[in-house]
Amino acid sequence: MSLYRLILIREVELGSYPVKHMITVSNLALQFSDKKPFEDVNLKFTPGNCYGVIGANGAGKSTFLRILSGDIDLSPGDISITPGQRMAVLKQDHYEFDNNHVLETVIMGHKELFDIMTEKDALYAKEDFNSEDGIKATELEEMFAELDDWDAETNAEKLLMPLNIGKKLHSKYMHELTGTEKVKVLLAQALFGNPDILLLDEPTNHLDIRAISWF
Ligand SMILES: Nc1ncnc2c1ncn2[C@@H]1O[C@H](COP(=O)(O)OP(=O)(O)OP(=O)(O)O)[C@@H](O)[C@H]1O
Ligand SMILES: [Mg+2]
């Protein structure tokens, strides 16, 4: 049995009203052909709290987190997340980002920000940059400035340093890293950009004692 499935939720306000429930789970059930790990699940996750999911091996903890993150379609039941709240998930697939650079992988933790950065870079790299592209670039710059009131790369580096992923590794491809190094980068990815809701399934697996204390 392991305690290390965590759901962390930040204290937030919408307008001047504090948000009461960040995630609401209604009548959730999970049915596989040969078993029913849970049914009639009704839960409200409130801001400012950290929740642990405990259960025997195979009880359905990881599956529950995957349902919350939208990774698995559920039926029956309903999950609602307060609009505007950003959820980040510690990725379990250690090969998913093999063809991305380390720093880029961390920034990909904030998908919206990363997509704008990518679109902006592609636009500026165009040889036939025209006035329409100029208008689009201005729009993207405004969206970027709204999201990125900090420097994405510097912040990604700041997350990697205490995990002992030094500068020399930052421009390497993920597939060039060891398993332990990859897990650390994926942890930095989940934490990047200060998400409102953070889902972590066994985050301390493969981490050394120094990284666990930092975490
Ligand atoms: N798509 C699926 N079809 C059928 N059974 C599945 C499917 N996905 C998961 N299971 C089964 O559902 C059960 C719950 O799996 P899950 O990985 O969520 O458990 P867990 O509580 O996270 O276990 P562990 O403590 O080992 O991490 C397991 O018995 C698993 O084999
Ligand atoms: Mg599990």
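Owing to the predicted nature of the structure, the values given are computational and were not obtained by experimental measurement.

Engineer: Got a minute to help me understand the overall build of the protein chain in this structure?
Structural biologist: Scanning the protein chain from terminus to terminus reveals eight helices and nine strands. The buried share among the 215 residues of the protein chain stands at 40%. Counting only contacts in the protein chain whose residues sit at least 6 apart along the sequence, the fraction spanning at least 24 positions is 69%. With an accessible surface of roughly 12300 Å², the protein chain has 50% of that area assigned to carbon and sulfur atoms.

Engineer: Which parts of the structure should I look at to understand the nonpolar core?
Structural biologist: In a soluble, globular protein the nonpolar side chains are often hidden away together inside. Among the nonpolar cores identified, the biggest contains 35 residues, and Val106, Ile107, Leu160, Val185 and Phe192 are the most heavily contacted of them. The set of elements that each furnish at least two residues to this core consists of α2 (102-107), α3 (111-124), α4 (131-147), α5 (152-160), α7 (179-191) and β9 (197-201). Per-element tally for this core: the top contributor is α7, with six residues. Ignoring sequence-local partners within four residues, the contact set of Val185 consists of Val102, Thr105, Val106, Leu160, Ile165, Met174 and Leu177. Counting residues in hydrophobic clusters, the runner-up holds 16 residues, among them Met22, Val53, Phe64 and Leu65.

Engineer: Sorry, what's going on with the environment of Leu147 here?
Structural biologist: Take Leu147: it is sitting in helix α4. Here the alpha-carbon distance between Leu147 and His110, two residues 37 residues apart in the chain, equals 9.8 Å. Filtering out sequence-adjacent residues up to four positions away, Leu147 remains in contact with His110, Glu112, Leu113 and Ile116.

Engineer: Would you take a moment to explain the side chain of Asp133 for this structure?
Structural biologist: With respect to the secondary-structure elements, Asp133 resides in helix α4. Among the residues examined, Asp133 registers a relative accessible area of 9% and is labelled buried. If near-sequence neighbours (up to four positions away) are discounted, Asp133 is found in contact with Leu123, Lys126 and Asp128.

Engineer: Sorry, what's going on with α3 here?
Structural biologist: Three or four residues apart is the spacing at which side chains of an α-helix point the same way, because the helix has 3.6 residues per turn. Counted at 1.5 Å a residue, the expected span for α3 with its 14 residues is 20 Å, and the 20 Å between its end C-alpha atoms agrees. Those residues of α3 that fall on the buried side of the exposure criterion are Leu113, Phe114, Ile116, Met117, Lys120 and Leu123. Those residues of α3 that are buried lie in contact with α2, α4 and α5.

Engineer: Just checking my understanding: could you explain the packing of aromatic side chains for this structure?
Structural biologist: The way to describe two aromatic rings as a pair is by their centre distance and the angle between their planes. If you walk through the whole model with that rule in mind, you get three aromatic pairs. Ring centres of Phe45 and Tyr51 lie 4.8 Å apart, and the angle between their planes is 90 degrees; on these two criteria the pair is classed as edge-to-face. For Phe45, a relative accessible area of 5% translates into the label buried. By relative accessible area, Tyr51 is classed as partly exposed at 22%. Ring centres of Tyr124 and Phe129 lie 6.1 Å apart, and the angle between their planes is 25 degrees; on these two criteria the pair is classed as stacked. Among the residues examined, Phe129 registers a relative accessible area of 37% and is labelled partly exposed. We note Lys120 situated over the ring of Phe144; from NZ or CZ to the ring centre the distance is 4.3 Å.

Parameters and conventions
- Counting restarts for each chain, with residues numbered from 1 along the sequence as it is written.
- For naming, the first written chain is A and the first written ligand is 1, with later ones following in the order written.
- In view of the model being predicted, local features appear only for residues whose pLDDT reaches at least 70, and side-chain atom pairs are presented and counted only at 80 or more, with totals across whole chains, interfaces and linings using the full set of residues.
- Derived side-chain values reflect all non-hydrogen atoms in the structure, with water molecules and hydrogen atoms excluded from consideration.
- Secondary structure is summarised from DSSP: a helix means a run of H or I of at least four residues, a strand means a run of E of at least two, and numbering begins at the N terminus for each.
- To sort residues, take the accessible area from a 1.4 Å probe on protein chains only and compare it with the maximum for the residue type: under 20% means buried, over 50% means exposed, and anything in between is partly exposed.
- Any two residues whose heavy atoms approach within 4.5 Å are treated as being in contact.
- In short, Shrake-Rupley with a 1.4 Å probe defines the accessible areas, and a residue's cover is counted only from the protein chains shown.
- Nonpolar cores were defined as sets of buried Ala, Val, Leu, Ile, Met, Phe, Trp, Tyr and Cys residues, with membership established by side-chain atoms within 4.5 Å.
- Working rule for helices: expected span equals 1.5 Å times residues minus one.
- Pairing of aromatic side chains here covers Phe, Tyr and the six-membered ring of Trp, requires ring centres within 6.5 Å, and sorts the geometry by plane angle: under 30 degrees stacked, over 60 edge-to-face, intermediate tilted.
- Only when the NZ of Lys or the CZ of Arg is both within 6 Å of the ring centre and within 35 degrees of the ring normal is a charge said to sit over the ring.

Remember, this is a structural readout, not a statement about activity or role.
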